[in-house]
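Chain residues, written in single-letter form:
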Amino acid sequence: MVRKLTNLLILAVLVLMTSCDHKELCYHHPHSGKIRVEFDWKDAPEANPEGMCVFFYPEEGGEPIRVDFSGKTGGEVELTNGKYKIITYNNDTDGILFYGINDFFNHTFYTRDSNPLEPIYGPTAQYVPSKAEDEIEERVVLDPDMMWGCTATEVEITEMGVSYICVPESQKGQTAGLTTVSEKVITLYPHELTCIYTVEVRNVKNLSGMDLVSGILTGMAGELRMHDEQLSEECVSIPFAGRKSGTDKIEAQFITFGHNTANLKHHHIELFVVMNDKNKLHYYDDADGSRYDVNDQVENAPNKRRVHLIIDGLDLPVPISSGSGFDATVDDWDIVESDIEL
């Protein structure tokens, strides 16, 4: 009988110890589960990215968790219950570079250095001015890719569901409250992060003799910080390629991060033209010494995401002879001074 009582006591102790260990294990290891991320494109209905990435930043610190989804609808991710911040944007870019991605408040986009002739000659070409005073005043950087994205804050995942704040761009400025759902679904609302600029040079004389044309737009921002969409203070120049349109017009389209309204530096356009006879011309000064000033058109554009710039009048020389304008030697550019009405 004593032996049986002893065995029962030992068994009872083991059961209690196992029960205690189980409770301690649950306490120290938060549960995890699948969360569904959905993208609502109400603020960018024409967007069609090949994929989206989502960064989950744990509130308690540590490395962010990156998840990539094909297409634009979203998908599932397994996460530990807890509090997060979120950054999302399309992952199909080629020219965008990043720094500070491990910090929600410092996650920033930028592009590499470029040169005014890269749009027509490729990245190996270099612009060599004919005189020292003809140097480009700002750093020239590659135009970015089209980007869409947004952020979400106060994200909390529990066993009961999720809560978060993600305000659509079209509703910014309105009272933003927590979205709480019993299902583990987070809906994100990407919007445009970059801007499309177009340039139209009208009434171009002797356009038939032009072979290639590129340009730069000065006074633009070279970086975009994601969490508050703040543009960098440094002014950079963005290069672009132009093309003939009809018999007397040059057109161009390119992408920018936009311009920082705190910067007071004016926006100008410079043009680099290669004629059929290989004559190379750099248009940037008119008779009074000012460049092609498009500042008012940039600053007063009705839609900051779609900016159209117009230059009226450009006198190209009559080419000496016809021939291929492609020439990897890009120095000895002639500076052309002419009056251009804006």
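Residues numbered from 1 in each chain as written. Predicted model: local features only at pLDDT ≥ 70, side-chain atom pairs only at ≥ 80, totals over all residues. Heavy atoms only, no water.

1. Some words on the side chain of threonine 256
Tracing the backbone through its elements, the reader meets threonine 256 in strand 19 (residues 249-256). Here threonine 256 falls in the buried class, since its relative accessible area comes to 1%. Among residues more than four places away in sequence, those in contact with threonine 256 are Pro144, Thr194, Cys195, Tyr197, Met220 and Ile238. (Helix = DSSP H or I, 4+ residues; strand = E, 2+ residues; numbered from the N terminus. Buried < 20%, exposed > 50% of the residue type's maximum accessible area, 1.4 Å probe, protein only. Contact = heavy atoms within 4.5 Å.)

2. Re the sheet that holds strand 12 (residues 185-188)
Taken together, the three strands give an open sheet; going across it, the order is 4-1-12, and neighbouring strands pair in mixed fashion. Pairing within the sheet leaves two strands with one partner each, and these edge strands are strand 4 (74-80) and strand 12. Across the sheet, the mean angle from the axis of one strand to that of its neighbour is 30°, orientation sign disregarded. Bridging between strand 1 (residues 32-39) and strand 4 involves seven bridges; their strand directions are antiparallel. If you follow valine 37 over to strand 4, its bridge partner there is glycine 75. (Pairing = 2+ DSSP bridges. Axes fitted to C-alpha atoms, helices over the stretch in contact; angles between N-to-C directions.)

3. Focus on the confidence of the model for the protein
Overall, the prediction assigns the protein a mean pLDDT of 85, with 80% of residues at 70 or greater. Confidence drops under pLDDT 50 across residues 323-330; counting only partners more than four residues distant or on other chains, this segment forms 23 contacts. Within the model, the stretch residues 338-342 combines pLDDT values under 50 with 20 contacts to residues more than four positions away or in other chains. (pLDDT = per-residue confidence, 0-100.)

4. A few points about the environment of asparagine 303
Turning to its location among the elements, asparagine 303 is positioned in the loop between helix 3 (295-299) and strand 23 (306-315). Polar side-chain contacts of asparagine 303 include one of 2.9 Å to the backbone nitrogen of arginine 305. (Polar contact = N/O pair within 3.5 Å; in protein donor to acceptor, adjacent residues only side chain to side chain.)

5. What to know about the nonpolar core
Counting residues in each nonpolar core, the largest one holds 32 residues, and the members touching the most others are Tyr197, Ile269, Leu309, Leu314 and Leu316. Among the elements that line this core, the one with the most residues is strand 14 (residues 195-205), at five residues. When near neighbours in sequence (up to four residues on either side) are disregarded, leucine 309 contacts Tyr197, Thr198, Val199, Glu200, Leu217, Ile269, Val294, Gln297 and Val298. One finds Met146, Ala152, Tyr164 and Tyr189 within the second-largest nonpolar core, a separate group that totals 29 residues. (Core = buried A, V, L, I, M, F, W, Y, C linked by side-chain atoms within 4.5 Å.)

6. Focus: unusual backbone geometry
The phi torsion at asparagine 203 lies on the positive side, around 55°, for a residue other than glycine. With respect to the secondary-structure elements, asparagine 203 resides in strand 14. Judged by its relative accessible area of 43%, asparagine 203 falls in the partly exposed class.

7. Re the environment of asparagine 279
Assignment of secondary structure puts asparagine 279 in the loop between strand 20 (268-275) and strand 21 (280-285). You can call asparagine 279 partly exposed: its relative accessible area is 24%. Distance in space between the C-alpha atoms of asparagine 279 and aspartate 211 is 9.8 Å, their sequence separation being 68 residues.

8. Re the pattern of salt bridges
Taken as a whole, this structure holds 14 salt bridges when the rule is applied. The partner of arginine 225 in a salt bridge is aspartate 228, with the nearest N and O atoms 2.6 Å apart. Given the relative accessible area of 29%, arginine 225 is considered partly exposed. For aspartate 228, a relative accessible area of 34% corresponds to the partly exposed category. Members of the salt-bridge network, linked through shared partners, are Asp113, Arg139 and Glu234. (Salt bridge = Lys/Arg side-chain N within 4 Å of Asp/Glu carboxyl O.)

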